[in-house]
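What follows is each chain in one-letter form.
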Amino acid sequence: MAFVNLEVSGGVGTIRLDRPPMNALDSSIQDRLRELAEEAGRRDDVRSVILYGGEKVFAAGADIKEMRGWDHEAMVVRSRALQESFTAVARIPKPVVAAITGYALGGGCELALCADFRIAGANAKLGQPEILLGLIPGAGGTQRLARLVGPSRAKDLIFTGRQVKADEALAIGLVDRVVPPEEVYEQAHAWAAKLAQGPALALRAAKESVDAGLETDLDTGLTIERNWFAGLFATEDRERGMRSFVEEGPGKAKFR
């Protein structure tokens, strides 16, 4: 049985976790996430992506029963595969939104951090509770969380292992929108569907410019931006967009 799948409709690809009751992220799911992220990045019929765990829970973390049986040598190998799986999601060269219901803890929170935008249900609870196991986050939590909410807030969550409800998550910038739980996927799909109609190469350029720029100094970031900006003048979408603006007014271009 596949516990995670990619479903595509109308340009929107949904990477759906489906391992009841809590979508525990065991090694097979981690590996499959990498495969599906790479597939979503390659496919022309996927223009934007939703990460979704279902109506009740996003993902409550790694499979602790599986991890308990691993020793240091096994984890030296597995930790690299774990990080690479989540990094593959973060590097999907298309807009990605996490649709968060219920718990997004540990690896589940780290998976949500790989998205470009996070929509949470009012019932959502997020956190990095690894410290309560005598561990630290190992799938990017110490890095992506600090970059998103700042080092002090990240340390608060990581040091204490506490869970934050949706309203606090919104206040600290951990999520971007809070909606009724039954509307989470609908609103995530609306966001993704709108961007699926946009200029694919320009969206890719924008995402890479922001993400790569955050990892370097300002001058290098400006160079990345400048090169993408100039390069987009070679695309048909740029011609369509400018022609439509001149002839029809702003916001009416239809891109390939």
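Higher on the page you've got the structure.
Note that the coordinates shown come from a computational prediction; the quantities given were computed from them, not determined experimentally. (Residues numbered from 1 in each chain as written. Predicted model: local features only at pLDDT ≥ 70, side-chain atom pairs only at ≥ 80, totals over all residues. Heavy atoms only, no water.)

**Side note on the nonpolar core**
Here's step 1: Ile15, Leu51, Phe58, Ile100, Leu126 and Leu174 are the most contacted members of the largest nonpolar core, which has 46 residues in total.
Here's step 2: Ranked by size, the runner-up nonpolar core spans 13 residues in total, among them Val12, Tyr52, Val97 and Val179. (Core = buried A, V, L, I, M, F, W, Y, C linked by side-chain atoms within 4.5 Å. Buried < 20%, exposed > 50% of the residue type's maximum accessible area, 1.4 Å probe, protein only.)

**Digging into helix H5 (residues 141-149)**
Here's step 1: Looking only at H5, the buried set comprises Gly141, Leu145 and Val149. Buried residues along H5 cover an arc of 20 degrees about the axis, so they all sit on one side.
Here's step 2: Where H5 is buried, its residues meet helix H4 (107-113) and helix H6 (151-160).
Here's step 3: Note on H5: the residue one or two positions beyond its end, Gly150, has a positive phi of about 95 degrees. (Helix = DSSP H or I, 4+ residues; strand = E, 2+ residues; numbered from the N terminus. Arc of directions from axis to C-beta. Contact = heavy atoms within 4.5 Å.)

**So, the sheet that holds strand S5 (residues 103-105)**
Here's step 1: The strand order S5-S7-S8 describes an open sheet built from three strands, whose pairing is mixed. Of all strands in the sheet, those with a lone pairing partner are S5 and strand S8 (163-165), marking the two edges. Ignoring which end each strand starts from, the neighbouring axes of this sheet average 20 degrees apart. (Pairing = 2+ DSSP bridges. Axes fitted to C-alpha atoms, helices over the stretch in contact; angles between N-to-C directions.)

**Notes on the pattern of salt bridges**
A side chain of one charge can pair with a side chain of the opposite charge when the charged atoms of the two come close.
Here's step 1: Following the criterion strictly, the structure yields 14 salt bridges and no others.
Here's step 2: Note that Asp156 and Arg162 form a salt bridge whose closest N and O atoms lie 2.8 Å from each other.
Here's step 3: The class for Asp156 is partly exposed, based on a relative accessible area of 30%.
Here's step 4: For Arg162, a relative accessible area of 30% translates into the label partly exposed.
Here's step 5: Residues Glu168 and Arg162 are paired through a salt bridge, measuring 2.6 Å at the closest nitrogen-oxygen approach.
Here's step 6: Linked through salt bridges whose partners overlap, the residues forming this network are Arg19, Asp26 and Asp63. (Salt bridge = Lys/Arg side-chain N within 4 Å of Asp/Glu carboxyl O.)

**Observations regarding the packing of aromatic side chains**
Here's step 1: Overall, the coordinates contain three aromatic pairs when judged by the stated rule.
Here's step 2: Look at Tyr52 and Tyr185: their rings are 4.7 Å apart centre to centre, the planes differ by 40 degrees, and that puts the pair in the tilted class. Of this pair, Tyr52 sits in strand S3 (residues 48-52) while Tyr185 sits in helix H8 (residues 184-196), placing them 133 residues apart in sequence.
Here's step 3: Judged by its relative accessible area of 10%, Tyr52 falls in the buried class.
Here's step 4: Exposure remark for Tyr185: the relative accessible area of 26% places this residue in the partly exposed category.
Here's step 5: A cation sits over an aromatic face here: Arg19 above Phe3, 5.5 Å from the ring centre. (Phe/Tyr/Trp six-rings, centres within 6.5 Å; stacked < 30°, edge-to-face > 60°. Lys NZ or Arg CZ within 6 Å of the ring centre and 35° of its normal.)

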